[in-house]
Amino acid sequence: MKPATQKKRRFTRRGFLKAAGWTAAGLTVTYFVGREFAPVMASMRAPDFEEGTAWIKVDLDGTVRMLSPVHEMGQGSSLGLAQIVAEELNVDVEDIQVSLPSTNDVTRLQVTVGSSGTSNNARPLAEAAAGLREELRQRAAKQVGLDAHALGDAKGGFTTPEGQVVTFADIVTGTNEVIDLGDLPDATSYTFDPGREKVQVGKTALQVQGRDIVTGKEVYALDVRLPNMTYGRGVPAPVAGAQIVDVDDGGVSSMPGVIKVVVDKERNFAGIVAETPSVLDAALEQMTVQWDSPSSYTQKDIDAMIDVDIALSAGELESILENDDVAQDQVWTVDRRQDLPIVEHATIERRSAVIQFSERDGREVVEIWAGTQDMFVNQKKAAAELGWSTDRVTVHLMRVGGGFGGRATYDVVRDAVLLGREVDRPVKVVWSLRDEFLADRTRPPSSHRVRIKADDDGKITEWWHAFVSGHVMFNDFLLPEGGLSLVRKLFHDIGATIGSHPFYTVDRRRIEFTDVELPFHVGQWRSLGATPNSLAAEAAVEELARTLNLDPISLRIQNLGPEQDRLKTCLTKLKTICAARPLPEDAEVGRGYAAAIFAEQTHVAMAFDVSYEKENEQIRIDRCYCVLDPGFVFSPDQVKAQIEGCTMMAIGQVLVEGAPIDDGSISAYGFFDYPIATIDHAPEFEIELISDPSVAPSGVGEAALIAALPALVNAIRAATGYRANKLPIDEDDLVATMNTKG
Amino acid sequence: MRLFVNGSEFDVPDSWQDETLLMVLREQLGFVGPKLGCGQGECGACTVHINGEAARSCSIYAIDVQSDSITTIEGLASADGVLHPVQQAWLDERVAQCGYCQAGQIMQAAALLNEEPNPDDQTIIDHMSNNLCRCGTYKRINLAIKNASQVMQTRKAS
């Protein structure tokens, strides 16, 4: 052991993360080759070996620290990854200090979307941590004069055959040291050794920063406070694409407390910086911005644009994704239409950023604090906005108060840049709730028709899914406005078509699709197009079972090929779980089922029990059953939390969610106009996870949503006879259905 | 203007007299635990206690509560750092996901248990249904409230 007085050296290990890329959406960059301009793209590429993102450090006192290799927005990936590091280094996960990086700390951080945070990072992180462990073991062995093989593992260190414990704190001495991967000894990952009993991985653990959250200490972007800070906000465009024609500041420049009125027509921006939030609100109220008015639209217009039957009546749809010569004029066993509305992200945290310009080494630099799903795209775009090199822009990544795909673009940071550079004090920019709804990249409405032909025994022979949707993937997340129209014309939207190919073994299939350009913001929403497509398909399959009077689970299993054994297992387990809870026969209750596969990897089967409350003419969601197989599960409780969260979002979509169109545009501006699920909608949960250490981990943040929506619609159908062809359910229609039933 | 927050008295500059309680707590006094959500009293993220009762701090002017005792999530645990049973239950049930609404949920729940130490499901729903959570942590919120209720009653009995 070293004497306590000796100067210790900090030992730092640069982790490496080599990931498979963002495969969940099947996206390639082919579309961008050869373009004449080079806008900043979303950070699609995961860091490679040299660029290392996850820094694992052992401090002087033996504390293990890691920078999260994912943006954290409640999906819990950082906990699962911390459990892996804990497993490799023989420490308790609660003792690992996990923090979010800034653009100065790491060279690359992949945009956190597609539920790929854990699956992309797990193995490289495990191997990095294992290498570190063996390096530490060798240094410990040197200290005690033994061979490294002679040292066993101990908590936070190693043990000699005689029982002497050498802790990390004993081993780590001297100054800061960074070790390259090539200099580390060979190591075997404990996490990915299937035969090894796990200590940290696979166990229930407290969420990273959980204690800070319950004590109010966790700091989100909105909570950042700097000395002498001011408050700023831009004026949002009333509709997508509107341009500023004129600004009348109403004399606010001389209003007490107003620091600066910023009008930049070239950038289509107008905003104000003020001393306090209320002065800012009052000043913005007084300023008038005149916008040009792109044509207004009605609900009827949008319904007609999206209507799949209208589209089909004009001939085949724009993109034929699969075609096995399905005879279109035959008699179908099931022919079902499903329409979905505009869905908003409706997060509780509003977009916010704090910005501070200062001087460093004789150059002007800027620091930005923001909660985002893509730290580097914000850094690069902010730099481009300022005409600066990126090394002059630092983005501090903050925990995101709910992302769900809506926080991956350059928006509030832009406002902060345009306002902050005009004043010589820090500025906090917080969007209003109205701003949030106005600028939201909504999940576009879609309309589906699924036709299935099956024999009397339930064998599906023909499958025809035609659908029309607004764009999901082709928005400013990928491209600036200039290139967008062309890409939209040349290619079908790959976000809208996700999950549209049936996983059932079907003799002949036809999948066709049209994407339409909508006059409002659209974009990435949890699970992209997979939920609408899955709902259309699985509601039709359940209808098939009903039509043929067959058991819906058996019918599904019967139509799955041998390559779908994992899904069959999920369905079989679901059947067993449900069988243990028989439904009362006399009441108006029903059970509905669905199966889904997310990104071709995560398998899930779900069911709901639903009852109809006659007294208040309402649906009650009693129970949710879920069997989920995402491969190797590192953090089961976090996986369950994601299932519960997806379920609540599905319930919201079925019962209440949908942005109305009124007065020429989307007219949801807050939670009064756009209700979401509340605590009285929450069902009981029965969740079973299938974890197999020999199967690669896959995403869990969206998988359950895809199955929950159809399972719930199917349960309502079973309980009431109401088909819910259009979401959210129409309460009058539901009551009418019940009254007809008698 | 002066405010009594978490047992201490604070001066608030004159220039902040027109601000909501939430803004003064967060921006002037540094109690950022109560969150700005909808800003219209719809979501509950800003919930604090005023004289022990849950209140939406985004919809109250600071100047109107000068003589009241205000408690934020930062002041819910005891002075020695022991968590309030509701906070502890939140950890035990691992309620939070993104965590943004949770301070408001916890303050609403703590006020409920002050009023009704042993709430049934319907009482919990009635008291909590105006506190929104987009991550959908509701089932765990319900469990945590029941868990905290039990702990508080056991303590009281002993």
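Nothing here was measured: the structure is a model prediction, and the numbers come from that model. Counting restarts for each chain: residues are numbered from 1 in the order of the written sequence. Chain A is the first chain written and ligand 1 is the first ligand written, with later ones labelled in order. Owing to the predicted nature of the model, reporting of local features is limited to residues with pLDDT of at least 70; listing and counting of side-chain atom pairs is limited to 80 or more, with chain, interface and lining totals taken over all residues. The side-chain figures draw on all heavy atoms in the structure; neither hydrogens nor water molecules are used.

(A) Structural context of the overall build of chain A. By definition, any uninterrupted DSSP run of H or I lasting at least four residues is a helix, any uninterrupted run of E lasting at least two residues is a strand, and each is numbered from the N terminus. Looking only at helices and strands, chain A has 17 helices and 28 strands in total. The quantity called the radius of gyration is restricted to C-alpha atoms. Its globule counterpart is 2.2 Å times the number of residues to the power 0.38. Taking 2.2 N^0.38 as the reference for a compact globule, 742 residues should give roughly 27 Å; the C-alpha atoms of chain A span a radius of gyration of 28 Å, in line with that estimate. The C-alpha extent of chain A, read off along each of the three principal axes, is 85 × 75 × 55 Å. Exposure categories follow from relative accessible area, calculated using a 1.4 Å probe and restricted to protein chains: below 20% of the type maximum is buried, above 50% is exposed, and the middle band is partly exposed. Looking at chain A as a whole, 63% of its 742 residues are labelled buried. Here the analysis covers contacts within chain A between residues at least 6 apart in sequence; of these, 78% occur between residues at least 24 apart. Surface accessibility follows the Shrake-Rupley procedure with a 1.4 Å probe radius. Residue values consider only the protein chains on display as shielding. Carbon together with sulfur atoms contributes 47% to the accessible area of chain A, which is approximately 28000 Å² in total. Positive and negative charge centroids in chain A, built from 74 and 109 side chains respectively, lie 4 Å apart. Residue contacts follow a heavy-atom distance rule, with two residues in contact if any of their heavy atoms lie within 4.5 Å. Counted as positive: Lys and Arg. Counted as negative: Asp and Glu, with His and the chain ends omitted from the count. Charge positions come from single atoms, namely NZ of Lys, CZ of Arg, CG of Asp or CD of Glu.

(B) Looking closely at the overall build of chain B. On a plain count of helices and strands, chain B comes out with 5 helices and 5 strands. Going from N to C terminus, chain B has its helices and strands arranged as β-β-α-β-β-β-α-α-α-α. Relative to its length of 158 residues, chain B is compact, with a C-alpha radius of gyration of 15 Å against a globular reference of 15 Å. The C-alpha extent of chain B, read off along each of the three principal axes, is 45 × 35 × 25 Å. Considering only contacts in chain B between residues 6 or more positions apart, those separated by 24 or more positions represent 57%. Taken as two groups, the 11 positive and 19 negative side-chain charges of chain B have centres that lie 11 Å from each other.

(C) Structural detail: the interface of chain B and chain A. Contacts between chain B and chain A engage 50 residues on the former and 62 residues on the latter. Summed over both partners, the accessible area (1.4 Å probe) lost when two parts come together is defined as the buried area. Across the chain B to chain A interface the summed buried area is about 4500 Å²; carbon plus sulfur atoms make up 60%. By convention in these notes, a salt bridge is any Lys or Arg side-chain nitrogen within 4 Å of a carboxyl oxygen on Asp or Glu. Linking chain B with chain A are 8 salt bridges, by the criterion used here. The shortest N-O distance in the salt bridge between Arg134 of chain B and Glu657 of chain A comes to 2.7 Å. Throughout this description, a polar contact denotes any pair of N or O atoms lying within 3.5 Å of each other; where both atoms belong to protein, one of them has to be capable of donating a hydrogen while the other can accept it, and for residues adjacent in sequence the pair is counted only when both atoms sit in side chains. Linking chain B with chain A are 31 residue pairs in polar contact (both at pLDDT 80 or more). Elements that contribute at least two residues to the side of chain B that touches chain A include exactly helix H1 (21–28), helix H2 (85–92), helix H3 (102–115), helix H4 (121–128) and helix H5 (138–157) of chain B. Here the side of chain B that touches chain A gets 5 residues from one element, more than from any other, and that element is H5 of chain B.

(D) Representation of the pairing of strand E20 (residues 446–454) of chain A in the model. All names here are of chain A. Here E20 lies mainly inside the structure; 8 of its 9 residues are buried. Where strand E15 (residues 334–340) lies against E20, 7 bridges are found, and the strand directions are antiparallel. Note that in E20 the partner of Asp339 across the bridge is Ser447. For two strands to be treated as a pair, DSSP must find no fewer than two bridges joining them. Pairing of E20 with strand E21 (residues 460–470), which is carried by 9 bridges, proceeds in the antiparallel orientation. Directly across from Arg451, in E21, lies its bridge partner Trp464.

(E) Geometry of the environment of Val252 of chain A. Residue and element names in this part refer to chain A. Tracing the backbone through its elements, the reader meets Val252 in the loop between strand E10 (244–248) and strand E11 (258–264). Assessed through its relative accessible area of 0%, Val252 is described here as buried. Excluding residues that lie within four positions of it along the chain, Val252 makes contacts with Val258, Val261, Ile272, Ala283, Gln286 and Met287.

(F) Spotlight on the domain arrangement of chain A. All names here are of chain A. Domain delimitation follows an automatic or database domain assignment. Taken domain by domain, chain A comprises domain 1 (11–211), domain 2 (222–293 + 351–430) and domain 3 (307–342 + 442–741). The interface is formed by 23 residues belonging to domain 1 together with 21 residues belonging to domain 2. Regarding the contact of domain 1 and domain 2, the summed buried area is about 1700 Å², with carbon and sulfur atoms giving 57% of it. Applying the counting rule to domain 1 against domain 2 returns 0 salt bridges.

(G) The arrangement of the nonpolar core in detail. Trp463, Met606 and Phe608 of chain A together with Leu3 and Trp90 of chain B are the most contacted members of the largest nonpolar core, which has 220 residues in total. The dominant element in this core, judged by the number of residues it contributes, is helix H16 (residues 703–720) of chain A, at 13 residues. The definition of a nonpolar core used throughout is a set of buried Ala, Val, Leu, Ile, Met, Phe, Trp, Tyr and Cys residues joined through side-chain atoms within 4.5 Å. Judged by nonpolar contacts, the second largest core, of 38 residues, contains Ile96, Leu136, Val166 and Phe634 of chain A.

(H) Looking closely at the sheet that holds strand E22 (residues 508–516) of chain A. Residues and elements named next belong to chain A. Overall, mixed pairing links the 5 strands, which are arranged E14-E22-E21-E20-E15 in an open sheet. Two strands in the sheet have a free side with no partner beyond their single neighbour: strand E14 (319–323) and E15. Strand-to-strand, the axes of this sheet are offset by a mean angle of 10 degrees, without reference to chain direction. Alignment of E21 against E22, held across 9 bridges, turns out to be parallel. Following the sheet pairing, Val468 is matched in E22 by Thr514. Where helices are involved, their axes are fitted lines through C-alpha atoms of the stretch in contact, as for all axes, and angles between N-to-C directions lie from 0 to 180°. Each of E20, E21 and E22 is contacted by helix H6 (residues 299–306), which is oriented at about 145 degrees to E21, the strand it contacts most. Sheet strands touched by helix H12 (residues 530–548): E15, E20 and E21. Its angle to E20, the strand with the most contacts, is close to 35 degrees.

(I) Main features of the domain arrangement of chain B. Residue and element names in this part refer to chain B. According to the domain assignment, chain B consists of domain 1 (2–75) and domain 2 (85–157). Taking the mean C-alpha position of each, domain 1 and domain 2 sit 21 Å from one another. On the side of domain 2, 14 residues touch domain 1, which itself brings 16 residues to the contact. Area buried by domain 1 at its contact with domain 2 is led by Thr47, His49 and Ile73, which between them contribute 38% of it. At the boundary of domain 1 and domain 2, one finds 0 salt bridges.

(J) Region of interest: unusual backbone geometry. All names here are of chain A. Of the consecutive residues Leu727 and Pro728, the connecting peptide bond is found in the cis state with omega at -10 degrees. Relative to the helices and strands, Pro728 resides in the loop between H16 and helix H17 (731–741). The backbone of Glu600 shows a phi angle near 65 degrees, a positive value even though the residue is not glycine.

(K) Focus on the packing of aromatic side chains. Residues and elements named next belong to chain A. Each Phe, Tyr or Trp ring (for Trp, its six-membered ring) is paired with any other whose centre lies within 6.5 Å, and the angle between the two planes then decides the class: stacked below 30 degrees, edge-to-face above 60, tilted in between. Taken as a whole, this structure holds 15 aromatic pairs over all chains when the rule is applied. On the basis of an interplanar angle of 85 degrees and a centroid distance of 5.7 Å, the ring pair of Phe192 and Phe632 is categorised as edge-to-face. Of this pair, Phe192 sits in the loop between strand E8 (177–179) and helix H4 (210–215) while Phe632 is found in the loop between strand E25 (618–629) and helix H15 (636–655), placing the two residues 440 residues apart along the sequence. Judged by its relative accessible area of 12%, Phe192 falls in the buried class. A network of ring pairs unites the aromatic residues Phe192, Phe632 and Phe634 as a single cluster. Geometrically, a charge over a ring is one whose NZ (Lys) or CZ (Arg) sits within 6 Å of the ring centre while staying within 35 degrees of the ring normal. Between the NZ or CZ atom of Arg123 and the centre of the ring of Phe192, over which it lies, the distance is 4.1 Å. Here the guanidinium or amino end of Arg443 rests over the ring plane of Trp525, the centre of that ring lying 5.5 Å away.

(L) Local environment of the sheet that holds strand E7 (residues 165–167) of chain A. Residue and element names in this part refer to chain A. The 3 strands lie next to each other as E5-E6-E7, forming an open sheet whose pairing is antiparallel. Each edge of the open sheet carries a strand with a single partner, namely strand E5 (152–154) and E7. Between one strand axis and the next, the sheet turns through 30 degrees on average, direction left out of account. Across 3 bridges, strand E6 (residues 157–159) lies against E7 in antiparallel orientation. Its bridge partner lying in E7, Thr159 is registered against Val165.

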